[in-house]
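Close look at the chain arrangement
Here is what each chain is made of, one letter per residue.
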Amino acid sequence: MTGETKRRGVDRRQFIATGAAALGLGITGFPAVLRAEATPVKIGLIHPVSGFIAFSGTQCREGAQMAIADINAAGGIKSLGGAKLEAVLGDSQGKPEIGAAEVTKMVEGGIHGIVAGYASSISLATSQEAAKSNTPHVVDVGVSDQIVSRGLANTFRFSPGYGKIAQFAVDNLDKINQSAGSPAKTAMIIHEESLFGTGTAKLLSEKLPEKGIEVIEVIKHANPTRDFTNIVLQIKAKKPDLIIPANYYNEYVLLARTMRQQKVEAKGIYSVLGGAASSYKFVKEFPEAAEQIMDCNHWFDPTSDVALARKKAAEDKGLFYTYEVFLAYNAVAFLADAIERAGSTEKDAIIAAMAASTWDGHGMPYGPTKMVDGQNEGAQPVNTQVLNGDIEVIYPEEFASAKPVFPMTM
Amino acid sequence: MPDLAIIVPSLLNGLTTGALYALIALGLTLIYGVLHIINFAHGALLMVGLYAVWFLNTRLGIDPYVALLIVPPAMFVLGYGLQRGIIGRASHGRDENILLVTLGLSIVIENLALYFFRSDTRIVDTPYSFETVEFLGAFLPLPKVIAFFGALISAAALWLVMSKTDLGRAIRAIARERKGAQLVGINADHVYAMSFGLGIACLGVAACLLLPSYYVTPSVGHGFVLIAFTIVVLGGMGSFVGALIGGLIIGVVEALGGLFLGESLGQIGIFVIFILVLMFRPQGLLGHKV
Amino acid sequence: MRQLVILAVVFAFIAAAPAIITSEFTQNVIIMVLYAALLGQAWNILGGYGGQFSFGHAAYFGTGAYTVAVLQVQLGVNPWIGLVIGALFSMAVAAFIGFATFRYGLRGSYFALVTLAFAEVLRILSNSVGFTGAGVGILIPLAPGAANMQFETKTGFFFLIWVLTLSSFLVVWWIGHSRFGASLAAVRDNEDAARALGVNAFRVKMGAIMLSGLFSGLAGIFYAQYFLYLDPYIAYGPAISVESLLVPIIGGMGTLFGPLLGAAALHVVSEATRELIGDVPGISLALYGALLVVMVMFMPRGLAGLLARLGVRRRAASGEMPRA
């Protein structure tokens, strides 16, 4: 948890390298190695690695640590004499108050920047606490738009919020539908009951009718929901053209499994923020159930070599390349780029550099970074679809790797 | 207003889901209903059972139903050991301490699972995962139909053990009159541990029957604990038939509550029934007067 | 009297902390210890002194928290006024739950489970109605300033929680030395015997649950103002109910200082395991759980009981209300 434990743990490789160098150079070489090390830049990573959302928290941490390793391997922060980034890890246990306490602790330990949250509730607490000391804070995932609308000068979000995502989901669904001759006239929304599901469902049910798609039913379910048969029976009875789920992975698995058992037929399954077409794990475990499902979610740019190289690196580590991994990776890399340009670890300088960022080395379909009140305006989700057992991007066209198949052909 | 055509399938589904709840509650009615131990670790131990089934299936290729021969006995040993070695010893016979010890245990177990298995959602892929049985116009998932009959058999078996065996008689004697039972030579610690082990073995059975239609994560147990307590009280403390009927009722209430009030608000039905039963018939549906 | 002196000394000592300790992190730890002590003391009134084990104190905590938040966000009511209304609402919820359960004579584990069910009902309701923000939660807008109960420094929050916690301790001290307290102890030790002696058990238990609910509600109000965000799980989830009972049981049920000892011990243990183990997910919490078991094993009557046994402050621990 503390910087001290961390140094002992993570930098073992570095220690061995230093030791080997010392052995190779003999005693006289050792001080030289020490002198070459610039003061490390401390980056706090606060994620819910235990508790209910531990899976997502762990994925975030993995992504963030990969970014730090990559940046260090490429020579660290060059404007600071090749200073290395040093991860200071924190576990929020899924609770806002523990996340905030971690921030306080890290600020006292002399942290230079914080990447945190995953959940919106935790991101709200950590950014607010970091604001008290004006510590630069990047939110990695938290999709609530309240995070960046509170006027906290230190808080930035590199990825899109759910307002943007829902609007995008509606617009692109309309395009997909129209180019197929508007076969979809009705939709049913199945969403989880917390912030992201409820917020997304509300926006969707307001906006879909404007596109000529009637929302015939919105079903909210608890986390965990132990059985989805009831919900699926209602879907079967209402026969919507489109099924729009917005839920966490566990519930999504049960929902998808039950839809197959109950032989639900629809023209399309279109998840918003979470679903088969943005989960390599699901596609691997349920290849048949996943086929032709569409998602609107955070995703990397499949035409970018940077993104593909990172994906491969993550998969070589045995990770599923989920949105948590690349969003946290980019949150760290965005922060590091700002520190590089600031050429300083002064808080105001880093914040100013983040606000003025035009960074584009992210491999995301975002274009150059443009921060407005702490939100990256270029950030957007994409549409993906499972086609022949792989996840393809189908919209927007400039990033697409395949054409959408709609209505479903099975 | 929900479509009338789905009420029958929904009811049937509620019954099969309720049977799964009953399976989890059977072990609890023994531990809580007979021994009056409020076992906060019940959910965590269910999770252990589920991981055991998952592990046997994915690593050794053992079918979850074949695992019925392995997991429940192993869980029995675990339960016996926990009660004899930790819970009984640490609680000093005080209710509040039992509560804390089982709470502490659940934290330990859950976090060890997090450490060893990580937090990924694990499922088993069986040839029958997607099989359904058609009955009265409803497609019932085969694993849930099997679980339904499993629950009936388990309740009957437990009832037989409790009423026809020496162990059952000893458990009932201890539950009623601890001092008296000890006077006639019953080893109370041993009997407590046997009952706890038996209760946890039931969780092993539940795990084998649940996993083919569910998943496992380190925190999966939380979703079932409260339901299980509700069923135990509803059915009457220590009544196995009561637990079975209570489980079925809760399954149906959940199904209808979801249909008429919405899936999120519908959960309220379970707790309202629970509160009403406690107020007006605290001995439960099949329990004796308390 | 002796206890009152110790209480005054302890709280005076704590009050000096912000002047001595400049570390915001340590200040935050002290704030969270006082907050946990308040939660625990609230439970202790009903559970420790009244013998009624509640698993549902989140019902009062969440009501206080939501009241102050909803009043601010939906109606623009100042949180200082919200504090008074929230405390009253929490008390009213406690009165309702108490009436519904004690009226029907629910005791022991039945009482425990029914309180848990009430908290769950409130959680589900707060998740479904609009004015609480439902699943989206409710965010209190940032408006730093003592007038809005959003202090700019930790010291401000420190004194707020210090006052709230001290008031709960004073009330519990009074319980230990009043007729009401004696009746409560009699009901705890043997309700039927107490009745035979002319104690109105129902009224006594109602008094205890309302006081208990009041202080839980105050803890909830503090939480809302300190962290500014609530959702149904934070406010009415089982975690708060568990923390409420964990603190006084570890510290020593039915003792004045138990909740403070318990709150401090749990924070020390939790911080220590995190420092020791570092950041391997799971292991530090597993160790925390194991220490919990060990503490119960070796201190069956809590820390206060242990202190009493060791002869330290003999009266402090046993002077209140020896359990039968």
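These lines cover the structure that appears in this document, whether it is placed above or below. Keep in mind the model is a prediction, meaning the values are calculated, not measured.

1. As for the overall build of chain C
The secondary structure content of chain C amounts to 16 helices and 2 strands. Taking 20 Å as the expected radius of gyration for a compact globule of 324 residues, we find that chain C reaches 19 Å, a close match to that expectation. Principal axes of the C-alpha set define a box for chain C whose edges measure 55 × 45 × 40 Å. At a minimum sequence separation of 6, the contacts of chain C that also span at least 24 residues come to 76%. Here chain C has roughly 11,600 Å² of accessible surface; of this, 70% comes from carbon and sulfur atoms. For chain C, the distance from the average position of its 17 positive side-chain charges to the average position of its 12 negative side-chain charges is 16 Å.

2. Overview of the sheet that holds strand β13 (residues 382–387) of chain A
Strand pairing in a sheet is mediated by backbone hydrogen bonds. Such pairs are either parallel or antiparallel. All names here are of chain A. One open sheet accounts for 7 strands, arranged β7-β6-β8-β9-β10-β13-β14; its pairing is mixed. Lying at the two open borders of the sheet, with one neighbouring strand each, are β7 (214–221) and β14 (390–395). Strand after strand, the sheet turns through a mean of 25 degrees between neighbouring axes, direction not considered. Bridge count between β13 and β14: 5 bridges; the pairing is antiparallel. Bridge pairing in β14 links Asn383 to Tyr395.

3. Quick notes on the interface of chain B and chain A
Listed as interface residues are 39 residues of chain B and, on the opposing side, 38 residues of chain A. Of the roughly 3,300 Å² buried between chain B and chain A on both sides combined, carbon and sulfur atoms contribute 54%. Ranking the residues of chain B by area buried against chain A places Phe130(B), Phe139(B) and Glu263(B) at the top, with a combined share of 21%. In this assembly, chain B and chain A are joined by 2 salt bridges. A salt bridge links Arg226(A) to Glu254(B), with the nearest nitrogen and oxygen atoms 2.7 Å apart. Between the two partners, chain B and chain A, sit 19 residue pairs in polar contact (both at pLDDT 80 or more). Looking at the side of chain B that touches chain A, the elements with two or more residues in it are α1 (7–34), α4 (95–117), β2 (138–141), α9 (222–235) and α10 (240–261) of chain B.

4. Quick word on unusual backbone geometry
Only a minority of non-glycine residues have a phi that is not negative, and only a minority of peptide bonds are not trans. Cis geometry is adopted by the peptide bond preceding Pro224(A), which originates at Asn223(A) and carries an omega value of -5 degrees. Tracing the backbone shows Pro224(A) in the loop between β7 and α9 (229–238). Here the phi dihedral of Leu136(B) falls at roughly 50 degrees; this positive angle occurs in a residue that is not glycine. Judged by its relative accessible area of 60%, Leu136(B) is exposed. A positive phi is found at Met149(C), a non-glycine position, where the angle reads about 55 degrees.

Reading guide: rules and limits
- Residues numbered from 1 in each chain as written.
- Chains lettered and ligands numbered in written order.
- Predicted model: local features only at pLDDT ≥ 70, side-chain atom pairs only at ≥ 80, totals over all residues.
- Heavy atoms only, no water.
- Helix = DSSP H or I, 4+ residues; strand = E, 2+ residues; numbered from the N terminus.
- Rg over C-alpha atoms; globule rule 2.2 N^0.38 Å.
- Contact = heavy atoms within 4.5 Å.
- Areas by Shrake-Rupley, 256 points an atom, 1.4 Å probe, with all protein chains shown as cover.
- Lys, Arg positive; Asp, Glu negative; His and termini not counted.
- Charge placed at Lys NZ, Arg CZ, Asp CG, Glu CD.
- Pairing = 2+ DSSP bridges.
- Axes fitted to C-alpha atoms, helices over the stretch in contact; angles between N-to-C directions.
- Buried area = accessible area lost by both parts, 1.4 Å probe.
- Salt bridge = Lys/Arg side-chain N within 4 Å of Asp/Glu carboxyl O.
- Polar contact = N/O pair within 3.5 Å; in protein donor to acceptor, adjacent residues only side chain to side chain.
- Buried < 20%, exposed > 50% of the residue type's maximum accessible area, 1.4 Å probe, protein only.

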